[in-house]
Each structure stands twice: as structure tokens, then as C-alpha cells.
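Spelled out from the first residue to the last, the chains are:
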Amino acid sequence: MNIDTGLDDDCGSSISTITNNTVKCSDSNNRSSYEFEDDMPVRIVEQVKAPKTVGVCIKCKENIIGHENGCKALGSLYHVTCFTCSVCKDTLVKKPFYHSDGNTYCESDYLNTLEKCDACSLPIKERILRAVQKQYHPECFKCTDCGSCLDGVPFTMDTDKNVLCVSCYNRKFAYVCALCGQLIVSEDGSETYRIIAMDKDFHVACYKCQVCGVKFENEPGRGCYPLGDELLCHAHYKERSRDRQQ
């Protein structure tokens, strides 16, 4: 026999019945049921709604059940457990990640795929400067003497393969004109010429008569006639020679 007990307060339900000394209660939303025997609960059964399917995982092709088990990245849906680093297999959910050549990486494994700077040995994340058969961060490619950055400017190397800016190279290796005392270097980066006479080096423009300024030429009577430390044309050489003899 079934008897309505009206135990709404005790059971927290809207329907209560007694059958063979057992109280059965069901809440008004029909979400759960309880059975009491001799005033003691003996079983609780929860009725749970079926989780919602949110989509298909692009990696394993299986359904993703429940929002908490899925994530969206790179324009596709993944299981949380499927969206992992291609190398270490760690999950990438809520972590920085990188996608390159069809593979997805965590930050540390991505950096290991990059070329290393020959100067600082750190990964090159952005622009690579390649020079002297090596690779650099642009800011790391510097003159070994003065430390100035050589990105986008002329440079050269010495015999020991040290990279030098033009100024440092000239300071160390350029010839000095015996007449004006300046380095014999090009102003515009073009090829430089020097004249060697009397075991000395001269700018082409400085190789002229020190009295009249006429430039010496490789022709009879128009060449250089040194007298002491002076560079003289033929006419002034004869004049100075006469003065010395008097």
C-alpha cells in the first residue's frame, strides 16, 4: 500500500510515499531520488544530463564532449589532451606556443629549432644577419676593435679574420702619406692607390713638386727628382742643386 506522508520538509521534496516501511522521496525538479529505511538513507542516485558535444577534434577526429575538455587554436578545435607540443608532448593550453612548418611547439622547444647567433649563442627569433659565413642578431654583428654595430655599413676583415669597421681597419693597417701625414684611404669606398718613392708612401695627389706643385708623370723630364727629403720637378731640382753648390 502506498501512503502520501507529506514529508516535504524532511525530504526536501514535493512527493513522498511509504511502501513497505520504506520512504521514497523525489524532488520537484525530478533531479534526484532518495530511499530511507527505518529513517536511515540507504542510497542516493543522481540524474545527470548528458554532456554536450562541442565538436570534433582536428587531431584525433573524435568528438569533444563538454566545453572543459576542448579548446580552440589555429582556427580548429582540439581536445585539451590533443593540443600538445610536437616535441615534448606537454599540453599547450593556456601556454605560449608557436606554429612552424606544420608543427606546434612549446616555447622552449621552438627556440631549440632556431639558428643560434654566432656572437651571443642565443636563438635568433627575428631577422638574421648573415656575414662571413656565420649568422648573427643584427645588433650582435660588431667591430671587434671599437664595438660599433656593423649592420648595414661597410666592414672588412684582417688576416686573423677579425671583423673590423673601415675606420678601425684603416687605423691599424692603412699606409700614411709621407708628405701630408694622413692615411692613404678612399673617401667613398672605392679602390685606393698609393705611390711608393724613396721607400715612402704618398697619396697620388701629394706626389708632386713641393715647390711649384706640378704633378709628376712617367715621361722624360716630367718625373720626380728627389733632393734630400724634397720631391722636385726637373727644373727645381736643377735650381736647388745650383743653390747648394754655391
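That block above? That's the structure.
Worth saying up front: this structure is predicted, and the values here are computed from it rather than measured. (Residues numbered from 1 in each chain as written. Predicted model: local features only at pLDDT ≥ 70, side-chain atom pairs only at ≥ 80, totals over all residues. Heavy atoms only, no water.)

Participant: Looking at this model, I keep getting lost on the overall build of the protein. Mind explaining?
Facilitator: Each helix and strand counted, the protein has four helices and 19 strands in total. Expressed as a percentage of the 246 residues in the protein, the buried residues total 26%. Of all intrachain contacts in the protein linking residues separated by at least 6 positions in sequence, the fraction that spans at least 24 positions is 10%. Split by element, the accessible area of the protein, about 17,300 Å² in all, is 48% carbon and sulfur. (Helix = DSSP H or I, 4+ residues; strand = E, 2+ residues; numbered from the N terminus. Buried < 20%, exposed > 50% of the residue type's maximum accessible area, 1.4 Å probe, protein only. Contact = heavy atoms within 4.5 Å. Areas by Shrake-Rupley, 256 points an atom, 1.4 Å probe, with all protein chains shown as cover.)

Participant: Could you clarify how one ought to interpret the pattern of salt bridges in this entry?
Facilitator: Two side chains bearing opposite charge may form a pair once their charged atoms approach each other closely. If you walk through the whole model with that rule in mind, you get nine salt bridges. Between Arg171 and Asp145 there is a salt bridge whose closest N-O contact spans 3.4 Å. A residue pair is termed long-range when its members are at least 10 positions apart, and Arg171 in helix α3 (residues 166–173) and Asp145 in the loop between β13 (134–136) and β14 (155–157) qualify at 26 residues. Asp145 gets classed as partly exposed once you look at its relative accessible area, which sits at 37%. The closest approach of N and O atoms between Arg240 and Glu230, which form a salt bridge, is 2.7 Å. Taken together, the residues Arg240 in helix α4 (residues 234–245) and Glu230 in strand β19 (residues 230–232) connect sequence positions 10 residues apart. In this structure Arg240 comes out as partly exposed when scored by relative accessible area, which is 26%. Look at Glu230 and you get partly exposed, because its relative accessible area is 23%. (Salt bridge = Lys/Arg side-chain N within 4 Å of Asp/Glu carboxyl O.)

Participant: I'm lost on the nonpolar core in this one. Help?
Facilitator: Proteins that are soluble and globular tend to have nonpolar side chains buried together. Grouped together as the largest cluster of nonpolar side chains are 13 residues, with contacts concentrated most on Cys177, Phe202, Tyr207, Cys209, Phe216, Cys224 and Leu231. Setting aside residues up to four positions removed in sequence, Cys209 forms contacts with Val214, Phe216, Leu231, Leu232, Cys233 and His236. If you look at the next biggest cluster of nonpolar residues, it comprises 12 residues, including Leu129, Tyr136, Cys143 and Leu164. (Core = buried A, V, L, I, M, F, W, Y, C linked by side-chain atoms within 4.5 Å.)

Participant: Where do I start with the environment of Lys238 in this structure?
Facilitator: Within the element layout of this structure, Lys238 appears in helix α4. For the pair Lys238 and Leu227, spaced 11 residues apart in sequence, the C-alpha to C-alpha distance is 9.8 Å.

Honestly, that's just the spatial picture; any functional story needs more than this.
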